[in-house]
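Breakdown of the fold
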Amino acid sequence: MPIVCGIKFRGGGKIYYFAPIDPGIQENDYVIVETSRGRELGQVVMAPQEIDDSEVVGELKPILRCATTLDLLEAERFRQQEAETIEKCKEQVAQFDLAMKIVGAEYNYDGTRLTFFFTSDQRVDFRELVRELAHIFKTRIELRQIGVRDEAKILGGLGKCGRPLCCATWLTQFSPVSIRMAKQQDLPLSPMEISGLCGRLLCCLGYEHDHYVEVKKRFPKVGKTVSCSCGTCRVLRVSALRETATLQLEDGSVVEATAA
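None of the values given here were measured: they were computed from a predicted structure.

Here is what the cut-offs are and how they apply
Residues numbered from 1 in each chain as written. Predicted model: local features only at pLDDT ≥ 70, side-chain atom pairs only at ≥ 80, totals over all residues. Heavy atoms only, no water. Salt bridge = Lys/Arg side-chain N within 4 Å of Asp/Glu carboxyl O. Helix = DSSP H or I, 4+ residues; strand = E, 2+ residues; numbered from the N terminus. Buried < 20%, exposed > 50% of the residue type's maximum accessible area, 1.4 Å probe, protein only. Disulfide = S-S within 2.5 Å. Arc of directions from axis to C-beta. Contact = heavy atoms within 4.5 Å. Phe/Tyr/Trp six-rings, centres within 6.5 Å; stacked < 30°, edge-to-face > 60°. pLDDT = per-residue confidence, 0-100.

Re the pattern of salt bridges
Taken as a whole, this structure holds 18 salt bridges when the rule is applied. Its salt-bridge partner being Glu-74, residue Arg-77 comes within 3.0 Å of it at the nearest N-O pair. With Arg-77 and Glu-74 both in helix 1 (residues 69-96) and 3 residues apart, the pair spans about one turn of that helix. The partly exposed category is assigned to Glu-74, whose relative accessible area is 25%. Between Arg-218 and Glu-243 there is a salt bridge, and its shortest N-O distance comes to 3.0 Å.

Shown next, in the form of structure tokens:
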């Protein structure tokens, strides 16, 4: 079984596995690693340990070295420049009259690459823009198109619950969410009420979906006539949270019953 470290990168909660060359690497250390995009600065969130081969996806790349104080200072210096680079990029987008919205910018730790994130409803020819940005910032430029859910993850904000967005704090990947989940939870089907800041269905609809499905399997469907110890009755509603059903008897009275 391979020995790996768990590394997190800036702006994401997902943990990536890398092979530790230095046995002295510890949790919370900052390290320089080799990635498909080049060298990146990451933080160790899982100390070296053995994992099953099935948990390793693709090639296991190495941790090159621990980050120095200079690396961290440089990374912070470039990070502080990002807000200004976004504004300059927006000015160039307006000059080239491109149908794209610049959402964010991110330097790698040593400033040798600058990535701009944008949204657009159509394909955009940004080759001239890239050349101009490379001339302005004197570094390698990447433009990456993202979706509206990724835009919310970058920009952040408060959800309907009043808490910071899950995608901007701890959610590591987006799972499919369907209107059927809202129906299963007896929620109003108004898009305004079950959509997040990104305009897509709320991610949290999926958090308790399995529980609702499992509980409702124990009960007859709403509207069905059943027999119980109280006599013949009709199922008015099923509460997955209380794990009970509300039943209406033949005399019009209403009782609450468990699945048993």
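As for the state of the cysteines
In a disulfide, the sulfur atoms of two cysteines are covalently bonded to one another. With the rule as written, the count across this model stands at 0 disulfides. Free of any disulfide, Cys-198 has its nearest neighbouring cysteine sulfur in Cys-203, separated by 6.4 Å. Looking at Cys-204, it has no disulfide partner, and the nearest cysteine sulfur is the one in Cys-166, 6.4 Å off. The exposure class assigned to Cys-204 is partly exposed, which follows from its relative accessible area of 39%.

Brief notes about helix 7 (residues 209-216)
Buried within helix 7 are the following residues: His-209, Tyr-212, Val-215 and Lys-216. Projected down its long axis, helix 7 shows its buried positions confined to an angular sector of 135°, all on one face. The secondary structure elements touched by the buried residues of helix 7 are helix 5 (179-184) and strand 10 (231-239).

Examining the packing of aromatic side chains
The tally for this structure, following the rule as stated, stands at 6 aromatic pairs. With centroids separated by 6.0 Å and ring planes inclined at 80°, the aromatic side chains of Phe-9 and Phe-18 adopt a geometry described as edge-to-face. Looking at Phe-18, the relative accessible area reads 6%, which means it is buried. Taken together, a centroid distance of 5.7 Å and an interplanar angle of 75° make the contact between Phe-118 and Phe-126 edge-to-face. Grouping aromatic residues by their ring pairs yields a cluster made of Phe-9, Tyr-16 and Phe-18.

Observations concerning the confidence of the model for the protein chain
Summarising the model, the protein chain shows a mean pLDDT of 89, and 99% of its residues fall at 70 or more. Of all secondary-structure elements in the protein chain, the lowest mean pLDDT belongs to strand 9 (residues 225-228), at 83, while strand 7 (residues 113-119) reaches the highest, 96.

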